[in-house]
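Structure assessment
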Amino acid sequence: MTSEFGVAVHALVFLNHKGRTVSSEELSQNICTNPARVRKIMAKLKRAGLLSTKEGVDGGYLFSLDPAEVSLREISEALEVQFVASAWRSGDTDMKCLIASGMADVMDGIYSDLDRLCKEHLEQVTIQQIDDRIFSKK
């Protein structure tokens with residue numbers, strides 16, 4: 001998993017709280033990252049219909065959906081996030097040893113199951129719930 005997911009959730013919660021168009025510069029300051037990185041992530045969210053944009057001097061990003069209806073799973077799908085995976089696989093499918101030749105597929109299945117469980121959990125968490133968690137502390 002990359003940090004794009006965290007940036008996207010942060011951005012949507014911030015946009016929801018502000019309730020107005022916000023520039024990539026203002027978003028990047030609040031998220032503590034580069035504006036170009038924010039724009040790249042926001043483009044994916046826009047393509048998924050999770051936010052809109054406004055051109056011009058007062059341009060930027062606007063979140064106008066119902067925050068209680070937007071789940072973190074939708075955000076992960078817009079970004080094509082895989083939460084649990086491994087870039088390295090042990091063993092070798094051409095080896096005679098059943099453990100060496102079979103372990104990678106078994107582990108891939110376990111990672112896939114864990115990824116599915118993560119996404120099922122994120123289906124239950126909304127932008128509104130994140131906002132509520134933050135502001136109930138104060």
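Quick look at the structure, then. Chains are numbered independently. Their residues run from 1 in the order of the written sequence. The predicted nature of this model means local features are confined to residues of pLDDT at least 70 and side-chain atom pairs, given and counted, to a pLDDT of 80 or more, with totals for whole chains, interfaces and linings taken over all residues. Side-chain measures here rest on the full set of heavy atoms in the structure, leaving out hydrogens and waters.

Re the pattern of salt bridges
- Here a salt bridge means any side-chain nitrogen of Lys or Arg lying within 4 Å of a carboxyl oxygen belonging to Asp or Glu. The tally for this structure, following the rule as stated, stands at 10 salt bridges.
- Between Asp 105 and Arg 89 there is a salt bridge whose closest N-O contact spans 2.9 Å. Of the two residues, Asp 105 is situated in helix α5 (residues 98-123) and Arg 89 in the loop between α4 (72-79) and α5; the sequence distance between them amounts to 16 residues.
- With its nearest N and O atoms 3.2 Å apart, the salt bridge here joins Lys 119 to Asp 115. Note that Lys 119 and Asp 115 are positioned in helix α5 at a spacing of four residues, about one turn of the helix.
- The classification of residues rests on relative accessible area computed with a 1.4 Å probe and restricted to protein chains. Under 20% of the type maximum is buried, over 50% is exposed, and intermediate values are partly exposed. Of the residues examined, Asp 115 reaches a relative accessible area of 9% and is grouped as buried.
- Salt bridges sharing common partners tie together Arg 73, Glu 77 and Glu 123. Starting at the N terminus, helices and strands are each numbered in turn, a helix being any DSSP run of H or I of at least four residues and a strand any DSSP run of E of at least two.

Quick word on the packing of aromatic side chains
- We call Phe, Tyr and Trp rings a pair once their centres come within 6.5 Å, taking the six-membered ring for Trp, and we label the pair stacked below 30 degrees between planes, edge-to-face above 60, and tilted otherwise. Per the counting criterion, the structure on display carries one aromatic pair.
- Judged by centre distance (5.1 Å) and plane angle (90 degrees), the ring pair of Phe 5 and Phe 83 falls under edge-to-face. A residue pair is termed long-range when its members are at least 10 positions apart, and Phe 5 in helix α1 (residues 4-18) and Phe 83 in the loop between α4 and α5 qualify at 78 residues.
- Overall, the relative accessible area of 16% leaves Phe 83 in the buried class.

Points about the nonpolar core
- The definition of a nonpolar core used throughout is a set of buried Ala, Val, Leu, Ile, Met, Phe, Trp, Tyr and Cys residues joined through side-chain atoms within 4.5 Å. Among the nonpolar cores identified, the biggest contains 32 residues, and Phe 5, Leu 15, Leu 27, Met 42, Leu 45, Leu 72 and Ile 75 are the most heavily contacted of them.
- Counting residues per element, the ones that place at least two in this core are α1, α2 (24-31), α3 (35-47), α4 and α6 (127-135).
- It is α1 that contributes the most residues to this core, nine residues altogether.

Quick word on the side chain of Ser 24
- The topology assignment puts Ser 24 in helix α2.
- The exposure class of Ser 24 is buried, given its relative accessible area of 6%.
- Each polar contact in these results corresponds to two N or O atoms within 3.5 Å; when the atoms are within protein, one needs to be able to donate a hydrogen and the other to accept it, and residues that are neighboring in sequence are counted only if both atoms are side-chain atoms. Separated by 2.9 Å, the side chains of Ser 24 and Arg 39 make a polar contact.
- The contacts of Ser 24, once residues within four sequence positions are left out, are Pro 35, Val 38, Arg 39 and Tyr 61. The contact definition used throughout considers only heavy atoms, calling two residues in contact when any of these lie within 4.5 Å.

Notes on α2
- Within α2 the residues assigned to the buried category are Ser 24, Leu 27, Ser 28 and Ile 31. Angularly, the buried residues of α2 cover 100 degrees about the axis, an arc narrow enough to put them on a single face.
- Where α2 is buried, its residues contact α1, α3 and β2 (60-62).
- At the exit of α2 stands Cys 32, carrying a positive phi of roughly 70 degrees. By definition, the arc is the one covered by directions from the helix axis to the C-beta atoms.

Quick look at α4
- Of the residues making up α4, those classed as buried are Leu 72, Ile 75, Ser 76, Ala 78 and Leu 79. For α4, the buried positions fall inside an angular range of 160 degrees around the axis, keeping them on one side.
- The inward-facing, buried residues of α4 contact α1, α3, α5 and α6.
- A positive backbone phi angle near 55 degrees is found at Glu 80, which sits one or two residues after α4.

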